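Structural description and commentary
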Amino acid sequence: MSDVSRVDTTFPLVCPHCEKPTLATVISEARGGGEHEPPYLLELARCGNCFDPFLMMEEDYGEGWDGDPLAVWPRQQRPLSLNVPAAMRREHDEARQCFSAKAYTATAVMVRRTLEGVCLDQGMSGAGGRQKPLFKMLEQMRDEGKIDGQLFEWAQELRVLGNQGAHFTGTSVSREDAADGLALAEALLDYLYVFSAQFQAFKARRAEAKTKDGKSSPA
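Everything numeric here is computed off the predicted structure, so don't read it as measured data. Residue positions are given per chain, counted from 1 along the sequence in the order it is written. With the structure being a predicted model, the display of local features is reserved for residues of pLDDT at least 70 and the display and counting of side-chain atom pairs for 80 or more, all residues being used for whole-chain, interface and lining totals. Where side-chain values are given, they derive from all heavy atoms of the structure, hydrogens and water being excluded.

1. Digging into helix α4 (residues 149-166)
Strands here mean DSSP runs of E at least two residues long; helices mean DSSP runs of H or I at least four residues long; both are numbered from the N terminus. Each residue after the first adds 1.5 Å to the expected span of a helix. End to end, α4 covers 26 Å across 18 residues, agreeing with the expected 26 Å (1.5 Å per residue, within 8%). Exposure is judged per residue with a 1.4 Å probe applied to protein chains only, and the accessible area is read against the type maximum: over 50% gives exposed, under 20% gives buried, and values in between give partly exposed. Looking only at α4, the buried set comprises Leu151, Phe152, Ala155, Gln156, Leu158, Arg159, Leu161, Gly162 and Gly165. For α4, the capping residue at the N-terminal end is Asp148, with a side-chain oxygen 3.2 Å from the backbone nitrogen of Gln150. Definition of a polar contact: a pair of N or O atoms within 3.5 Å, with one able to donate and the other able to accept a hydrogen when the atoms are protein atoms, and with sequence-neighbouring residues admitted only if both atoms are side-chain atoms.

2. Comments concerning the packing of helix α1 (residues 86-100) against helix α2 (residues 104-121)
In contact at an axis separation of 8 Å, α1 and α2 are set at 170° when each is read in the N-to-C sense. Between α1 and α2, the angle falls in the class roughly antiparallel. For the pair α1 and α2, contact is made by Met88, Glu91, His92, Glu94, Ala95, Cys98 and Phe99 and by Tyr104, Ala106, Thr107, Met110, Val111, Arg113, Thr114, Gly117, Val118 and Asp121, respectively. Think of it as three bins: nonpolar holds Ala, Val, Leu, Ile, Met, Phe, Trp, Tyr, Cys and Pro, charged holds Asp, Glu, Lys and Arg, and polar takes everything else, Gly as well. Along the lines of polarity and charge, the residues of the contact of α1 with α2 split into nine nonpolar, four polar and four charged. Helix axes are fitted to C-alpha atoms over the stretch in contact, other axes to C-alpha atoms as well, and angles between N-to-C directions run from 0 to 180 degrees. Orientation labels follow simple angle bins: below 35 degrees gives roughly parallel, above 145 gives roughly antiparallel, 65 to 115 gives roughly perpendicular, and whatever is left gives oblique. Between two residues, a contact is recorded if the distance between any of their heavy atoms is within 4.5 Å.

3. Some remarks on the confidence of the model for the chain
Of the residues in the chain, 91% have a pLDDT of 70 or more, and the chain-wide mean is 84. By mean pLDDT, strand β5 (residues 70-73) is the weakest element of the chain at 78, and α2 is the strongest at 92. What pLDDT reports is the predictor's confidence in each residue, on a scale of 0 through 100.

4. Some words on the packing of aromatic side chains
Within a pair of aromatic rings, the relevant descriptors are the distance that separates the centres and the angle that separates the planes. For Phe, Tyr and Trp, where Trp contributes only its six-membered ring, two rings pair if their centres lie within 6.5 Å, and the inter-plane angle classes them as stacked under 30 degrees, edge-to-face over 60, or tilted in between. The full count for this structure, using the stated rule, is two aromatic pairs. Consider the ring centre and the ring normal. A charge sits over the ring if Lys NZ or Arg CZ is within 6 Å of that centre and within 35 degrees of that normal. Arg142 extends its terminal NZ or CZ atom over the ring of Phe152, reaching a point 4.3 Å from the ring centre.

Take a look at the structure:
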């Protein structure tokens, strides 16, 4: 974690107030993070266009501050759970940044990259470690019960949307499709890494409670 102050540093980004590209100037900072989360740096900054203040955050994944702060207030999207692997959070955050910059085709490409990362994280690789095509990895996730039929359908639509963005077809990705792609990708991340783990913890807790009740009941 770097000890170098960011105060008076400028960063290019899209202002969350006026939604215009700007050079934001850091006017104050605070650091945090602990055992269960990576170190983070909160930076109070001011837009160079509208001069309204907003709060940015950088994280340190072991190589110093990432140098690409994310505006966290005023909040435009909720932060992803820390249960989502850091690599997938970074991909999805970049997709959000593309959307904020009105780069909707790039948003679709980043959503596809996120989806591909999820498949690889879930062990959907081919023989000899060679990567399968994305549609095959999604089929494997469905066949192994990691996602159900509706989630599989969502994921396939995200793949198709990402392909549309990645290849020159003369058709750009619309704002509405990019927004839906972001929302569906987030739902998929929540299902796999947040709600599934929460449900398993719930079942284990209920089973433990039943076992204790059985032991304490009179014969």
